[in-house]
Amino acid sequence: MTPALHVQYAGNPEGPTLLLLHGGGVAGWMWRGQLDAFSGYRLVIPDLPGHGGSLGTPFTTIEDAAKRVCQLLDGAHDTTLVGFSLGAQIAVQILAQEPGLVSRAMVVSASTEPVAYFPLLAPVLRASVPLTRLRSFARAQARASFIPDELFGEYFETSRSLDAGSFMAMMRANQTFRIPDGWSENRVPTLVVAGEKELPSMRRSAAALAQAAPGAKLQILPGIGHGLPLQDPGLFNELLAEWLGTQKSQADAR
């Protein structure tokens, strides 16, 4: 039997489902700024394999993580899928391999350009794992990732508890991910988002995703780096609420 992921449920248990997938190296706590803003929804917030409360389930591949997340949606109705960074790549995989499973989606900062030199980078990444146990290193990483001070405790605990095997598998999956087969058949309304200050490869990835899927729409946000939900949760909430409202209006019109 497939081990279950640790999941936080919040909001209105009778409301439409809003499934939030966090980025790599963090956990479901990164969505704390969304709990009140979307309390009318049934919030489903898993810790991805190898992260937070799901440490007992090692991270292996994006495909495996996508299958585990899909199990959380068995029987769910009117579901919105939202993913950030690694979670966005998993969301893309879900939309490609499980057409019709969700009603709409928002994909934030999903890289789809494989890093050709990853084999050379891998030993450096593996050597950096012990550094994640150091509070000073974690502080620097947290600042670079827009982690607010009030969430640093959760970040440090998550970072230092991520084992080397899951960390390397996650980095390999993240750095070698490409647009999966089936994405071009994705007709689910999907908002693809990237920040103006992210790497050019991230903006190119967003454009490629939006261009390849009939249901996708692209939005590049001025002044935003790689960390929208944490860097500017108010803007993120406004963007998601607007997307949800637009899709509801269009559905009602039909």
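Here the structure is a predicted model, which is why all the values come from computation and not from measurement. (Residues numbered from 1 in each chain as written. Predicted model: local features only at pLDDT ≥ 70, side-chain atom pairs only at ≥ 80, totals over all residues. Heavy atoms only, no water.)

Colleague: Would you take a moment to explain helix α2 (residues 86-97) for this structure?
Modeller: Think of an α-helix as turning once every 3.6 residues; residues three or four places apart then point the same way. The terminal C-alpha atoms of α2, which comprises twelve residues, lie 17 Å apart, in line with the 16 Å expected from a rise of 1.5 Å per residue. Counting buried positions along α2 gives eleven out of twelve residues, so the element sits mostly inside the fold. Within the sequence span of α2, burial applies to L86, G87, A88, Q89, I90, A91, V92, Q93, I94, L95 and A96. (Helix = DSSP H or I, 4+ residues; strand = E, 2+ residues; numbered from the N terminus. Expected span 1.5 Å × (residues − 1). Buried < 20%, exposed > 50% of the residue type's maximum accessible area, 1.4 Å probe, protein only.)

Colleague: What should I look at first to understand the pattern of salt bridges in this one?
Modeller: Pairing between side chains of opposite charge can happen when the charged atoms of each approach one another. Going through the model one piece at a time under the given rule, you end up with five salt bridges. The shortest N-O distance in the salt bridge between D64 and R68 comes to 2.8 Å. On the criterion of helical spacing, the pair formed by D64 and R68 is a turn pair, its members being four residues apart in helix α1 (residues 62-70). On the basis of relative accessible area, R68 is assigned to the buried category, the value being 13%. The partner of E113 in a salt bridge is R204, with the nearest N and O atoms 2.8 Å apart. A residue pair is termed long-range when its members are at least 10 positions apart, and E113 in the loop between β5 (104-108) and α3 (118-128) and R204 in helix α7 (residues 200-212) qualify at 91 residues. Relative accessible area serves as the criterion here: at 29%, E113 is assigned to the partly exposed category. (Salt bridge = Lys/Arg side-chain N within 4 Å of Asp/Glu carboxyl O.)

Colleague: Is there a simple way to think about the packing of α3 against helix α6 (residues 164-176) in this case?
Modeller: The relative placement of two packed helices is expressed as an angle between their axes plus a distance between the axes. Relative to each other, α3 and α6 sit at 150 degrees, their axes nearing to 10 Å. Relative to α6, α3 is oriented roughly antiparallel. Regarding α3 and α6, the two cross each other, and that crossing is right-handed. Within the contact between the two elements, α3 uses F118, A122, L125, R126 and S128 and α6 uses A164, F167, M168, M171, R172 and Q175. When its residues are assigned to classes, the contact of α3 with α6 shows seven nonpolar, two polar and two charged. (Axes fitted to C-alpha atoms, helices over the stretch in contact; angles between N-to-C directions. Parallel < 35°, antiparallel > 145°, perpendicular 65-115°, else oblique. Left-handed = near helix turned anticlockwise from the far one by under 90°. Contact = heavy atoms within 4.5 Å. Nonpolar A, V, L, I, M, F, W, Y, C, P; charged D, E, K, R; others polar.)

Colleague: Where do I start with the side chain of S109 in this structure?
Modeller: In this structure, S109 sits in the loop between β5 and α3. Excluding anything up to four places from it in sequence, S109 contacts F84, S85, A88, V193, E198, M202 and H226.

Colleague: What is the right way to look at the nonpolar core in this model?
Modeller: In summary, soluble globular proteins display a tendency toward joint burial of nonpolar side chains. Core analysis: the largest hydrophobic core is formed by 48 residues, its most contacted members being L21, L81 and I90. Counting only elements with at least two residues in this core, the list comes to β2 (17-21), α1, α2, β5, α3, α6, β6 (190-195) and α7. Among the elements that take part in this core, α2 stands out by supplying eight residues, more than any other. The contacts of L21, once residues within four sequence positions are left out, are W31, P46, L48, V69, L81, V82, G83, F84, G87, I90, A91 and I94. Counting residues in each nonpolar core, the second largest holds 32 residues, with I45, I147, L239 and L240 among its members. (Core = buried A, V, L, I, M, F, W, Y, C linked by side-chain atoms within 4.5 Å.)

Read these as spatial facts, not as claims about activity.
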